[in-house]
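# What the coordinates show
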Amino acid sequence: MVLDQDIGLNATLFGGDMMSRMDKVAGITASLMSRNRRFLTLKVSELVFHSPVRAGEIIEFYVAVARQGRTSMTLQIEVQVYQPVSDARRAVTSGEFVMVAVDEGQHPEPILWKPEAVLAAAEAHRARSGQA
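Predicted model only: the values in this text are computed from it and were never measured.

So, on to unusual backbone geometry. With phi around 55 degrees, Glu46 is a residue other than glycine that occupies positive phi space. Relative to the assigned elements, Glu46 resides in strand β1 (residues 39-49). We classify Glu46 as exposed; its relative accessible area is 63%. Positive phi, normally seen in glycine, also occurs at Asp87, with a value near 60 degrees. Judged by its relative accessible area of 52%, Asp87 is exposed.

Written as C-alpha cells, this is what we have:
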C-alpha cells in the first residue's frame, strides 16, 4: 500500500520509489526461480509510467520470466494498483529487468533453475493474460 509518506509534491508516488520497489521484486523473483543466493541488477529497460499512484492504493506486481540465460534472466514486470473502495485495477508501470546470478566475489555464476517455479510462474502469467 502506498502511504502518505511515500507521496511527493504532485500528490503521487515518486517514480524512483516505484523503480526501487520493482527492482526489489525482480531480486526476490530471481531468488524464487532459482537456487542461487545472490543476484545483481544488470539492466533496466523500457520502464514506462502509464498512470500515477496515489496514497491509499495497493500496489500489485506481476512478473514473467521473459528470457532464461546461463547466468542471467530477464524479467518483465507489470505493476497495477488496486483501489479497494471501487474494486478497480489499473496499469501504472511496466519494465524489463535483467538479473545476473553472482558468486561471493560478485562474478557471474550459472543459474540453478527451479523448473517447477519457472513453470508455475509461466502458467500464472498465461492465465492472467487470458492465454490459457
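In total, this model carries 8 salt bridges according to the counting rule given. Between Asp6 and Arg21 there is a salt bridge; the shortest N-O distance is 3.1 Å. In this pair, Asp6 sits in the segment before α1 (15-33) while Arg21 sits in helix α1, placing the two residues 15 residues apart along the sequence. Through salt bridges that share partners, Asp6, Asp17 and Arg21 make up one connected network.

Let us now look at the sheet that holds strand β4 (residues 88-101). Paired through backbone hydrogen bonds, the strands of a sheet run either parallel or antiparallel to each other. Strand order in the open sheet formed by 4 strands is β1-β4-β3-β2, and the pairing between neighbours is antiparallel. Strands at the two margins of the open sheet, each flanked by one partner only, are β1 and β2 (58-68). The average undirected angle you get between the axes of adjacent strands in this sheet is 25 degrees. Pairing between strand β3 (residues 72-83) and β4: 12 bridges, direction antiparallel. Looking across to β4, one finds that Gln80 is bridged to Ala91. Sheet strands touched by α1: β1, β2, β3 and β4. Its angle to β4, the strand with the most contacts, is close to 60 degrees.

Moving on to the nonpolar core. Ranked by size, the top nonpolar core spans 25 residues in total, and within it Met18, Val53, Ile59, Met73 and Met99 carry the most contacts. At the level of secondary structure, the elements contributing two or more residues to this core comprise α1, β3, β4 and α2 (115-128).

Locating Leu42 in the fold gives a position in strand β1. Exposure remark for Leu42: the relative accessible area of 60% places this residue in the exposed category. With 32 residues separating them in the primary sequence, Leu42 and Thr74 have C-alpha atoms 9.7 Å apart. Not counting the four nearest positions on each side in its chain, Leu42 is found in contact with Val98 and Val100.

Thresholds, definitions, all that
Each chain carries its own residue numbering, running from 1 in the written order of its sequence. Note on the predicted model: pLDDT of at least 70 is required for a residue's local features to be given, and 80 or more for side-chain atom pairs to be given and counted; whole-chain, interface and lining totals, by contrast, use all residues. Values reported for side chains reflect all heavy atoms of the structure, with hydrogen atoms and water molecules removed beforehand. Secondary structure is summarised from DSSP: a helix means a run of H or I of at least four residues, a strand means a run of E of at least two, and numbering begins at the N terminus for each. Residue burial is assigned from relative accessible area. The probe radius is 1.4 Å, only protein chains are included, and a residue is buried under 20% of its type maximum, exposed over 50%, and partly exposed in between. When a carboxyl oxygen of Asp or Glu lies within 4 Å of a side-chain nitrogen of Lys or Arg, that pair is called a salt bridge. At least two DSSP bridges between two strands are required for those strands to pair. Only the stretch in contact is used when a helix axis is fitted, and all axes are lines through C-alpha atoms; the angle between N-to-C directions ranges over 0 to 180 degrees. Whether two residues are in contact is decided by their heavy atoms, any of which lying within 4.5 Å being enough. Only buried Ala, Val, Leu, Ile, Met, Phe, Trp, Tyr and Cys residues count toward a nonpolar core, and they belong to the same one when joined by side-chain atoms within 4.5 Å.

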